Amino acid sequence: MSAATQTKYEVVIGLEVHAQLKTKTKIFCSCPVNFGNDPNMNACPVCLGMPGVLPVLNKQVVAYAIKTGLALGCQIAKRCKFDRKQYFYPDLPKNYQISQYDEPICLNGSLDINGKRIAIQRIHMEEDAGKLVHAGSDRLHGSDYSLVDYNRTGTPLIEIVSMPDMRSAEEAREYAQTLRGILRYLDVCDGNLEEGSMRCDVNLSLRPIGSTTFGTRTETKNVNSFKSLVRAVESEIERQSEILDSGGRIVQETRLFDENTGKTFSMRSKEEAHDYRYFPEPDLVPLEISQAWIKEIKETVPELPHEKKTRYQEEYGLSLDDTKVLIDDKNMAEFYEAVVRLGANAKKAANWLIGPITAYLKENKTDIIDCCMTPKQLVDLLKALENGIVNDNTAKAEILEEILVNGTEVEEIINKKGLSQITDESALKTIVKEIIEQNPEQLKQLKEGKEKVRGFFVGQAMKKTNGKASPAIVNKLIDEFLKSS
Amino acid sequence: MTNNIVEKSAREINKMFLNKEISAKEIVEAFYKKIKLAEPSISALNSLTEDLAFKQAEVLDKSISKGEKLSPIAGVPVIVKDVMCVKGYPATCSSKILESFIAPYESTATGKLWEAGAICLAKSNMDEFAMGSSTENSAFKKTKNPWNLNTVPGGSSGGSAASVAALEAPISLGTDTGGSVRQPAGFCGVVGLKPTYGRVSRFGLIAFASSLDQVGPFARNVYDTALVLQYISGYDPKDSTSLDIEVPDYTGKLNSDTIKGKKIGLVKELMGDGIDAEVRKSIEKSVQIFKDLGAEIVEVSLPNVKYAVPIYYIVATAEASSNLARYDGVKYGYRTGGAKEILPMYMSTRQEGFGQEVKRRIMLGTYALSSGYYDAYYKKAQQVRKLVTQDFLNSFEKVDLLISPTCPTTAFEFGAKVEDPLSMYLSDIATIPASLAGLPAISLPCGFDSKKLPIGLQIIAPALGEELLLDASYAFEGVCKFENKVPVLV
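As the structure is a prediction and not an experimental result, all values here were calculated from the model.

What counts, and where the lines are drawn
- Residues numbered from 1 in each chain as written.
- Chains lettered and ligands numbered in written order.
- Predicted model: local features only at pLDDT ≥ 70, side-chain atom pairs only at ≥ 80, totals over all residues.
- Heavy atoms only, no water.
- Helix = DSSP H or I, 4+ residues; strand = E, 2+ residues; numbered from the N terminus.
- Rg over C-alpha atoms; globule rule 2.2 N^0.38 Å.
- Buried < 20%, exposed > 50% of the residue type's maximum accessible area, 1.4 Å probe, protein only.
- Contact = heavy atoms within 4.5 Å.
- Areas by Shrake-Rupley, 256 points an atom, 1.4 Å probe, with all protein chains shown as cover.
- Axes fitted to C-alpha atoms, helices over the stretch in contact; angles between N-to-C directions.
- Parallel < 35°, antiparallel > 145°, perpendicular 65-115°, else oblique.
- Nonpolar A, V, L, I, M, F, W, Y, C, P; charged D, E, K, R; others polar.
- Pairing = 2+ DSSP bridges.
- Domains from an automatic or database assignment.
- Buried area = accessible area lost by both parts, 1.4 Å probe.
- Salt bridge = Lys/Arg side-chain N within 4 Å of Asp/Glu carboxyl O.
- Polar contact = N/O pair within 3.5 Å; in protein donor to acceptor, adjacent residues only side chain to side chain.
- Right-handed = clockwise from strand over helix to strand, strands pointing away.
- pLDDT = per-residue confidence, 0-100.
- Phe/Tyr/Trp six-rings, centres within 6.5 Å; stacked < 30°, edge-to-face > 60°.

Some remarks on the overall build of chain A
1) Next: For chain A, the helix and strand inventory stands at 16 helices and 16 strands.
2) Next: Taking 485 residues into account, the globule formula puts the C-alpha radius of gyration at 23 Å, and chain A, at 30 Å, lies well above it.
3) Next: Principal-axis analysis of the C-alpha atoms gives chain A an extent of 95 × 55 × 50 Å.
4) Next: Burial analysis of chain A (485 residues in total) assigns 51% to the buried set.
5) Next: Looking at chain A alone, contacts between residues at least 24 apart form 69% of all its contacts between residues at least 6 apart.
6) Next: Counting every atom, chain A has about 23100 Å² of accessible surface; 49% of that belongs to carbon and sulfur.

Section: the packing of helix 4 (residues 108–115) of chain B against helix 7 (residues 222–232) of chain B
Residue and element names in this part refer to chain B.
1) Next: For the pair helix 4 and helix 7, the least separation of the axes is 8 Å and the interaxial angle reads 105°. Classified by the angle their axes make, helix 4 and helix 7 are roughly perpendicular. Contacts from A109, K112 and L113 of helix 4 reach helix 7 at V228, Y231 and I232.
2) Next: Residue classes in the contact of helix 4 with helix 7 are distributed as 5 nonpolar, no polar and 1 charged.

Some remarks on the sheet that holds strand 3 (residues 119–124) of chain B
Residue and element names in this part refer to chain B.
1) Next: Pairing within the open sheet is mixed, and its 11 strands lie in the order 1-3-2-4-6-5-10-11-9-7-8. Each of the sheet's edge strands pairs with one partner strand only, and the pair in question is strand 1 (45–48) and strand 8 (296–300). Strand-to-strand twist across the sheet, computed as the mean angle between neighbouring axes with direction ignored, equals 30°.
2) Next: Sheet topology note: the strand 5 (residues 191–194)/strand 6 (residues 214–219) ladder contains 2 bridges and is antiparallel.

As for the domain arrangement of chain A
1) Next: Taken as a whole, chain A is organised into domain 1 (14–208 + 271–296), domain 2 (305–417) and domain 3 (425–484).
2) Next: Distance between the C-alpha centres of domain 2 of chain A and domain 3 of chain A: 31 Å.

Observations concerning the interface of chain B and chain A
1) Next: On the side of chain A, 32 residues touch chain B, which itself brings 39 residues to the contact.
2) Next: Each partner contributes to the roughly 2800 Å² buried at the junction of chain B and chain A, and carbon and sulfur atoms together form 59% of this total.
3) Next: At the boundary of chain B with chain A, the tally comes to 1 salt bridge.
4) Next: For the interface between chain B and chain A, the tally reads 17 residue pairs in polar contact (both at pLDDT 80 or more).
5) Next: Among the secondary structure elements, those contributing two or more residues to the side of chain B that touches chain A are helix 9 (308–323), helix 10 (342–353) and helix 11 (356–369) of chain B.
6) Next: The dominant element in the side of chain B that touches chain A, judged by the number of residues it contributes, is helix 9 of chain B, at 4 residues.

A short note on the pairing of strand 3 of chain B
All names here are of chain B.
1) Next: The buried count for strand 3 comes to 6 of 6 residues, which makes it a mostly enclosed element.
2) Next: Note that strand 1 and strand 3 share 3 bridges and pair antiparallel. In the sheet register, L48 faces strand 3, and the bridge partner there is A122.
3) Next: Direction of pairing for strand 2 (residues 77–81) relative to strand 3: parallel, over a ladder of 5 bridges. In the sheet register, K81 faces strand 3, and the bridge partner there is S124.
4) Next: At this point the chain moves from strand 2, through helix 4, to the parallel strand 3, and the crossover so formed is right-handed.

Comments concerning the confidence of the model for chain B
1) Next: Chain-level pLDDT for chain B is 96 on average; 99% of the residues reach the 70-or-more range.
2) Next: Per the prediction output, this complex has pTM 0.90; the corresponding ipTM is 0.95.

Considering the packing of aromatic side chains
For any pair of aromatic rings, geometry is given as the distance between the ring centres together with the angle between the planes.
1) Next: Under the defined criterion, the tally for this structure stands at 27 aromatic pairs over all chains.
2) Next: Geometrically, the ring pair formed by F279(A) and Y378(B) is edge-to-face, given 5.6 Å between the ring centres and 75° between the ring planes. On the criterion of chain membership, the pair formed by F279(A) in strand 15 (residues 279–280) and Y378(B) in helix 12 (residues 375–398) is interchain, its members lying in two chains.
3) Next: A relative accessible area of 0% places F279(A) in the buried class.
4) Next: Under the relative-accessibility criterion, Y378(B) is labelled buried at 3%.
5) Next: Plain terms: the ring middles of Y32(B) and F54(B) are 5.9 Å apart, the flat faces sit at 35° to each other, and that makes the pair tilted.

Set out below in structure tokens:
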């Protein structure tokens, strides 16, 4: 956003997030929910909407929607219903989508991002559509032919609708990322934007700073990453402010974000918008939700990222940045907590997880739970360090990977590879003496107070001992040598 | 012995079969023979399910030779309305758009019948997608009323009603949305029952109006009607709107004495203007029969019943416009030739695939649900629907059953109402109210008019009051003896 725009207009953003739920089966039939199968292999007469079939609600979908609602502080409806949202499109086999219109399952929640509260208007349940593959064009219109794959049809979705409370691309990204974190912690959604298991539609408008009424908004779809979200918001702000600056009016419409150009383009105007002709789904009975069920689900809501964030800082004394890295992945956070519970120093454990372990995971594109290392093994490694059995370099270079890859016990690695530190002073004394005698120039510098040179001597000692020399003892020996010479 | 098997009731056929007086194969052969004779006159059937019938018969004959215990419906042939799915056979809804559709699954109601040993003979003609009151809206053929081949059999289950009247089967299945079982039963002089909404699973019934559709039996007597109901009723996990309530013993408890001392309300609004004088007279005679049977008759008013037809044509068309959206040429059924883009493909497919009345109702329903009209039409209609239901609840505080004519007139001639949809819609004036309220209702033959056309008496019971409804019908039948009256096909 240019400086001029920044002082002239206020950006108003609301997000509609569709999250695919990780249920075993679809929302209205018993087809499995899994991806990557051959086209139309996960489809049955019910999700294909064939003549005479009827939907039967998957209770797990309701449980997940309630769980999400509870995590976002929503009111859970005692009674809600499904409605038909009607429009013709070949990826929608019944030509209506079973969704919730005026009685959603969750209402009035909120999400805090960096101290700011974003209100959540509602969460509702619905079924996903199939996918089209076009030949000769990237759209249905103008293609030579189009193929349809109904595997995704009937995959359960929840749509989480925020209020227009965000004021910048950064806030929108923060909101979406925080929401994804919660969905992952709840284990209800993969939260993968690239693969479409989480999809963000951006409602955006501008208004003169100080104005209390909203400007005309556009809705931008096809935002497939957090980076795209920021780009789409920025490009839409730029587009809208240019129109407003030149005295034009914003057209209420649905736009698509193009990742290649970084711009949004019009998909359909308000005039072309569908009249969805919502009406209550007569094939399903209204849903009654008991307090007992809500209570039961509430007990399954885990400690959420923002709660961990506060606790890690207060209880473990970690920095905000370190905390963020640890809680980003629920498995990492759980691993970390297990290590601390087993008696490791919270700070040191965090450093190892954030540093060398995260580096290894990233490099090998893997996850902490997919590695062979147990929390106990990390604790053993930290203890070996603390007790001076191995030094830091050895632990990183020789031991860590072996644990991560093979799950070998720390003691076994140390013994097998002979990695114990050399703490025998007399042996090290000979080595230190030799190094110092061979390097009179450096010795002179050290004596003149150039402490940096000390590192050179320690390094040389390590080199001669294959990294096994105890740095503490080497340092002590150097000091003694300086004093005595 | 097998010569007159087609004239027998389901109960008698079952008894003969269980007593090994006749084999299932012989039963099937006899009925197909009858069908071949009758069909040229009445055209009640869209397709025969011969492979299935003979296969089912073979299984039955094997079972009986092994001495296995078989059910009270074993060996009984059934004709099924072409709106219900029988696995592996066409389910056309008498529509061009589903002409090529072969059902890949079995509807729950028919599946239960086959499970119990009933035999599937054929799929019957109907008004396209069950929309109509004369079966003239079929895309394939005109079914004739066996009592007078110049008149309609009623509809939409005209084929199922006519086939039972013409002895093509002792029993058949129809579906009733606003009277589609009761009205043709009345026109064809057979018994037709619409159970309580939710009593019978709708799974496999191709939807017209989901909140109203209900499967119901046709038969030539009350026991056979109860017998079919016995087997098709019950909760189905595949239909969320089916009722999880135990099914009573309908046949075992049939009792003509229950009616003694019961109060029956004659619906004032359905005995006035617009009801044919001969029909009214016949109903009055029926009232006397009930009095003689020991029932007390009182006049009852259902003040909101006058709104029933307009409400129905909003609710039913709205649901239909949505339910029929899936027939778009993309996945199955008819697809237009030559369209190059999706929109023209959709439009031509539906233009060519649907008949006039179906298109009319899709338009009406789409309009009623459109933005800006929803509150005035659909929402208002649902509110008034509650008032109609309340009228029934109020009256059932005072009486045990309600009676009225099934239809304002007897069967009309072909073409008489095709050009005037409103007058066609009004022929369901007496049946629609119970549909809106989801109540069980039956049509019984109660006499003939001067043209020798059957007249139907409708009895309506409170929700899940099928037992009393059947008992009252059973008692009435005992006096009226309509079972013995069958048409002579010319």
